[in-house]
Amino acid sequence: MSLVERIKEIESEMAKTQKNKATSFHLGQLKAKLAKLKRDLLTPSSGGGGGGVGFDVAKTGVARIGFVGFPSVGKSTLMSKLTGTASEVGEYEFTTLTTVPGIIQYKGAKLQILDLPGIIEGAKDGKGRGRQVIAVARTCSLIFIVLDVLKPMTDKKIIERELEGFGIRLNKKPPAIIFKKKEKGGITISNTVPLTNVTPEEVKAVLSEYRMHNADITFKEDCTIDDLIDVVEGNRIYIPAVYVLNKIDQISIEELDLIYKIPNAVPISSNHEWNFDELLDVMWQKLNLVRIYTKPKGRLPDYEQPVVMTQDKCSVEDFCNSIHKSIIDQFKCAYVWGASVKHNPQKVGKEHILMDEDVVQIVKKI
């Protein structure tokens, strides 16, 4: 029996099984088995195959944005309008067959944009080139899910399911579960909030399926059994996503008002370049980027070429390392102007956290 058949068999058994106290252990085991089979499906043990021609693209710029969508939704047109990079455009399906990279300069930041080949339903099960496409999507800082507004929102659900099946969690944070293996002592489960979605039996069933009999698990939020499996698997990627609804030139104003109610969605027309400003603004917010301007001693700040960093890594030490690794060895202190300090300028150490559009002057040891 193939992996896909075994997965379908377990899914059908889960659908038939009623959830109650008597079946919670069995359901937990089934969910864990399913997660393991999906992992085996996505990471085949055979050596051949590789990434496929044209799929491995060298990472450049401060962030990478992947365009994911069904064939012929306008990904290539949108990319060529944003970046000036020519990706083959056609009205028929599967025009783009390899990953096409491009660069966009926005707010002083160099951002890499990847036009990925159109995915098809069943990509997570190895159909088409879906596996390679979604493998590249896993390396992105942000995913643009490009949808045709004329096609139903079922397309959105299918793409989400394909990405979820590949271990990509869209617009989610990692579950607040602390999981520690230990040598002995059995399974210890504790929680800081009431658990309504998971029982101790299910937790033990999942861990027994992974042959883990000694571990400490602490739930810091009301998680599901799927969240626990994500933590145990440890290979999930949490990526922000924007739903780019293309071809709004073909719908009415009333329909456009409805589309604006979809969370994380930006309606555009790539042919007419409508609403690109909002799309780029949402992109910037989702990427959580910070621009820091350098100020050489006795001169004006350089506002033309900011040092761009992510919000989770924007200390003065990170800033120094972004310019050159040797700077931190000679670092004495820094003077900062901007939102992160109370006085302008303020003398700070290397641990100081910078904010967007701060100006920094580094003082080296003599």
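Before any of the text, the structure's been laid out above.
Here goes a summary of the coordinates provided. All of these numbers come straight from a predicted model, not from anything done at the bench.

Along the chain, Asp155 turns up in helix H5 (residues 154–165). On the basis of relative accessible area, Asp155 is assigned to the buried category, the value being 14%. Each residue touching Asp155, except ones within four places of it in the same chain, is listed here: Phe70 and Leu147.

Overall, mixed pairing links the 6 strands, which are arranged S2-S3-S1-S4-S10-S11 in an open sheet. The sheet is open, and its two edges are formed by strand S2 (100–106) and strand S11 (265–267), each paired on a single side. Within the sheet, the average angular offset between the axes of one strand and its neighbour, ignoring direction, is 25 degrees. Here strand S1 (residues 63–69) pairs with strand S3 (residues 109–115) via 5 bridges, running parallel. If you follow Ile65 over to S3, its bridge partner there is Ile113.

Attention shifts here to the sheet that holds strand S8 (residues 215–219). In spatial order, the strands read S6-S8-S7; together these 3 strands make up an open sheet with mixed pairing. Strands at the two margins of the open sheet, each flanked by one partner only, are strand S6 (177–181) and strand S7 (187–191). Each strand of the sheet is rotated relative to its neighbour by a mean of 10 degrees, with strand direction disregarded. Contacts from helix H6 (residues 200–209) reach S6, S7 and S8 within the one sheet, and its direction differs from that of S7 by about 135 degrees. Here helix H7 (residues 225–233) sits on the sheet and contacts S6 and S8; the angle it forms with S6, its principal contact strand, is near 45 degrees.

Relative to the 20 Å expected for 14 residues at 1.5 Å per residue, helix H1 (residues 3–16) spans 20 Å between its end C-alpha atoms, a close match to the ideal helical length. Residues of H1 that are buried: Ile7, Ile10 and Met14. All buried residues of H1 project into a common sector of 65 degrees when viewed along the axis, lining one side. Exposed residues lying more than 90 degrees from the buried face of H1 are Lys8, Ala15 and Lys16.

The next point concerns H6. Restricting attention to buried positions, one finds in H6 the residues Glu202, Val203, Ala205, Val206, Leu207 and Glu209. Immediately downstream of H6, the backbone of Arg211 shows phi near 55 degrees, a positive value.

With that settled, the discussion passes to the pattern of salt bridges. Following the criterion strictly, the structure yields 12 salt bridges and no others. Residue Lys19 pairs with Glu202 through a salt bridge whose shortest N-O separation is 3.7 Å. Remark: Glu202 occurs in helix H6 and Lys19 occurs in the loop between H1 and helix H2 (24–42); sequence separation between them is 183 residues. Since its relative accessible area comes to 2%, Glu202 is described here as buried. Notably, a salt bridge pairs Glu357 with Arg291, separated by 3.7 Å at the nearest N-O pair. Of this pair, Glu357 sits in the loop between strand S15 (346–348) and strand S16 (358–364) while Arg291 sits in strand S12 (residues 289–294), placing them 66 residues apart in sequence. Accessibility expressed as a relative area gives 41% for Glu357, which makes it partly exposed. Residue Arg291 is classed as buried on the basis of its relative accessible area, which comes to 10%. Linked through salt bridges whose partners overlap, the residues forming this network are Glu164, Arg169, Lys172, Asp230 and Arg236.

Before going further, it helps to examine unusual backbone geometry. Note the cis peptide between Asn344 and Pro345, where omega equals -5 degrees. The phi torsion at Glu273 lies on the positive side, around 60 degrees, for a residue other than glycine. Its place among the elements puts Glu273 in the loop between S11 and helix H9 (276–287). Of note in this structure, Glu357 is not a glycine but carries a positive phi near 70 degrees.

Burial along S2 is one-sided: the face carrying Val100, Gly102, Ile104 and Tyr106 is buried and the face carrying Pro101, Ile103 and Gln105 is not. Note that S2 and S3 share 7 bridges and pair antiparallel. Residue pairing in the sheet places Val100 in a bridge with Asp115 of S3.

Right, let's talk about the packing of aromatic side chains for a bit. One pass over the full model with this rule turns up 3 aromatic pairs. A ring pair is formed by Phe67 and Phe144, whose centres lie 5.4 Å apart and whose planes are at 40 degrees; its orientation type is tilted. You can see Phe67 sitting in strand S1 and its partner Phe144 sitting in strand S4 (residues 142–148), a full 77 residues away along the chain. A centroid spacing of 4.9 Å and a plane angle of 65 degrees characterise the contact between Tyr293 and Tyr303, whose relative ring orientation is edge-to-face.

Cut-offs used in this document
- Residues numbered from 1 in each chain as written.
- Predicted model: local features only at pLDDT ≥ 70, side-chain atom pairs only at ≥ 80, totals over all residues.
- Heavy atoms only, no water.
- Helix = DSSP H or I, 4+ residues; strand = E, 2+ residues; numbered from the N terminus.
- Buried < 20%, exposed > 50% of the residue type's maximum accessible area, 1.4 Å probe, protein only.
- Contact = heavy atoms within 4.5 Å.
- Pairing = 2+ DSSP bridges.
- Axes fitted to C-alpha atoms, helices over the stretch in contact; angles between N-to-C directions.
- Expected span 1.5 Å × (residues − 1).
- Arc of directions from axis to C-beta.
- Salt bridge = Lys/Arg side-chain N within 4 Å of Asp/Glu carboxyl O.
- Phe/Tyr/Trp six-rings, centres within 6.5 Å; stacked < 30°, edge-to-face > 60°.

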